[in-house]
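# Observations on the model geometry
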Amino acid sequence: MFRDITAPYRFLESWFYDRAVAPAIAEMLDERHDLTGPLLDTMPAEGRLLDVGCGGGHMVITLARRHPGWKITGLDLSRDQVRRARKRGKNLGERISFITGSALDIPLETNCFDALISVCSIKHWPDPMRGLEECLRVLRPGGALMAIEVDRDYNREDGRTFVRRQKVPQFLKPAAMAGFRWKVAARSLSAGEAASLFSGLPLTDIKAGTLPGMPLWMVTARKLNGQ
């Protein structure tokens, strides 16, 4: 991943992300229920949700526990991540499922999800616009879309706070900070670039901005009816 950020995570990379990074992201977002509430609360009681770039399934499992009527699918390019997600979510039964696949060619039917989320995944897509077009293809007209990603122009203190939350030994924190800054954030999009990217899509109710206290940006929107 450090050589090619678009490559699937290998075993050690998926292990590190699953154990050290993903829990820190999940904790930050879990503390802010208002992030997902206004958007996803409009889903039907038995709606279908897709998580693109689901990693080890942390977000899928959190949402499945909060919304027992939902059917949630997680998609990830890494087979190791999908394997971890399936193991982590095995007690939730058939309400959740995980599949291996690319955001640029989602192996699912058109117009079949009521909402779609993607957390810290877009920077890994070789062609972000094509990936977002695929996301809209599988999203029903009027469906909700939420994307969260590392902000290339993040506030430095927010970045340090995030790295401090990562589950790595203290003596490795400087290396983790350098990796986050130069290998992750530097290869991501800025909040302004994200806003421009989404503005070129058939969406309505677009809201874009940085997340206070986090080195992240978020865009929420809805797919236009008739698309």
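Residues numbered from 1 in each chain as written. Predicted model: local features only at pLDDT ≥ 70, side-chain atom pairs only at ≥ 80, totals over all residues. Heavy atoms only, no water.

### What to know about the sheet that holds strand β2 (residues 71–76)
Threshold: Paired strands, as defined in this entry, are two strands with at least two bridges between them according to DSSP. Runs of E in the DSSP output that reach at least two residues are strands. Runs of H or I that reach at least four are helices, and both are numbered from the N terminus. Angles here are taken between N-to-C directions and fall from 0 to 180 degrees, while the axes themselves are lines fitted to C-alpha atoms, restricted in helices to the stretch in contact.
In space, the seven strands of this open sheet follow the order β3-β2-β1-β4-β5-β7-β6, with mixed pairing throughout. Where the open sheet ends on each side, the last strands, each with one partner, are β3 (96–100) and β6 (203–210). Strand-to-strand, the axes of this sheet are offset by a mean angle of 15°, without reference to chain direction. Pairing between strand β1 (residues 48–52) and strand β4 (residues 113–119): three bridges, direction parallel.

### Some points on the pattern of salt bridges
Quick reminder of the rule: By salt bridge we mean one thing: a side-chain nitrogen of Lys or Arg within 4 Å of a carboxyl oxygen of Asp or Glu. Note on classification: 1.4 Å probe, protein chains only; a residue is buried when its accessible area is under 20% of the maximum for its type, exposed when over 50%, partly exposed between these limits.
Within the structure shown, the criterion is met by 10 salt bridges. Linking K167 and E27 is a salt bridge whose minimum nitrogen-to-oxygen distance equals 3.1 Å. Of this pair, K167 sits in the loop between α6 (156–165) and α7 (173–184) while E27 sits in helix α1 (residues 11–30), placing them 140 residues apart in sequence. When its relative accessible area of 45% is taken as the criterion, K167 is described as partly exposed.

### A few points about the packing of aromatic side chains
Note the cut-off: Any two of the Phe, Tyr and Trp rings considered here, Trp counted by its six-membered ring, make a pair once their centres fall within 6.5 Å; the pair's planes then place it as stacked at under 30 degrees, edge-to-face at over 60, or tilted in between. As a reminder, the over-ring test applies to NZ of lysine and CZ of arginine, requiring each to be within 6 Å of the ring centre and within 35 degrees of the ring normal.
Going through the model one piece at a time under the given rule, you end up with four aromatic pairs. Ring centres of Y9 and Y17 lie 5.6 Å apart, and the angle between their planes is 65°; on these two criteria the pair is classed as edge-to-face. Geometry around F113 places R48 over its ring, the cationic atom sitting 4.6 Å from the centre. For R156, the ring lying beneath its charged end belongs to Y154, and the centroid distance is 4.5 Å.

### Things to note about the pairing of β2
The condition is simple: Viewed with both strands pointing away, a crossover whose connecting path from the first strand over the helix to the second turns clockwise is right-handed.
With five of six residues buried, β2 lies mostly within the body of the structure. Bridging between β1 and β2 involves five bridges; their strand directions are parallel. Bridging across to β2, R48 finds its partner in K71. Between the parallel elements β1 and β2, the chain passes through helix α3 (residues 58–66) in a crossover that is right-handed. By the bridge criterion, five bridges tie β2 to β3 in an arrangement that is parallel.

### Thoughts on the environment of G192
Here G192 is to be found in helix α8 (residues 191–199). For G192, a relative accessible area of 46% puts it in the partly exposed group. For the pair G192 and K207, spaced 15 residues apart in sequence, the C-alpha separation works out to 12 Å.

### Overview of α1
Applicable threshold: Given a helix with a known number of residues, its expected span is that number minus one, times 1.5 Å.
With 20 residues, α1 ought to run about 28 Å at 1.5 Å a step, and its terminal C-alpha atoms sit 27 Å apart, in line with that. All of the buried residues in α1 are S14, Y17, D18, A20, V21, A22, P23, A24, I25, M28 and L29.

### Remarks on the state of the cysteines
Rules: Criterion for a disulfide: a pair of cysteine sulfur atoms at a distance within 2.5 Å.
On inspection of all chains with the given rule, the structure shows zero disulfides. With no disulfide of its own, C112 lies 12 Å from the sulfur of C135, the closest cysteine sulfur.

### Comments concerning the side chain of D151
Keep this limit in mind: The positive count covers Lys and Arg only, the negative count covers Asp and Glu only, and His and the chain ends enter neither. Residue contacts follow a heavy-atom distance rule, with two residues in contact if any of their heavy atoms lie within 4.5 Å.
On the secondary structure map, D151 appears in the loop between β5 (139–150) and α6. Buried and unpaired, D151 has R152 as its nearest opposite-charge partner, separated by 6.8 Å. Beyond its immediate stretch of four places on either side in the chain, D151 contacts A185, L189, S190, A191, T210, P215, L216 and W217.

### Digging into the packing of α1 against helix α4 (residues 79–88)
For clarity, the cut-off: Note that the term roughly parallel is reserved for angles under 35 degrees, roughly antiparallel for angles over 145, roughly perpendicular for angles of 65 to 115, and oblique for everything else. Three classes are used, and their members are as follows: Ala, Val, Leu, Ile, Met, Phe, Trp, Tyr, Cys and Pro are nonpolar, Asp, Glu, Lys and Arg are charged, and the others, Gly among them, are polar.
Orientation of α1 relative to α4, taken along the N-to-C sense of each, is 45°, at an axis distance of 9 Å. Taken together, the axes of α1 and α4 lie oblique to each other. In this structure, α1 contributes F11, S14, W15, Y17 and D18 to the contact, and α4 contributes D80, Q81, R83, R84 and R88. Residues of the contact of α1 with α4, tallied by class, amount to three nonpolar, two polar and five charged.

### Regarding the pairing of β5
β5 sits mainly inside the fold: nine of its 12 residues count as buried. The sheet contact formed by β4 and β5 spans six bridges and is parallel. Looking at β5, one finds that V119 is bridged to I148. Relative to strand β7 (residues 216–223), β5 runs antiparallel, the two being bridged by seven bridges. Residue V150 lies in a different strand from β7, and its bridge partner there is L216.

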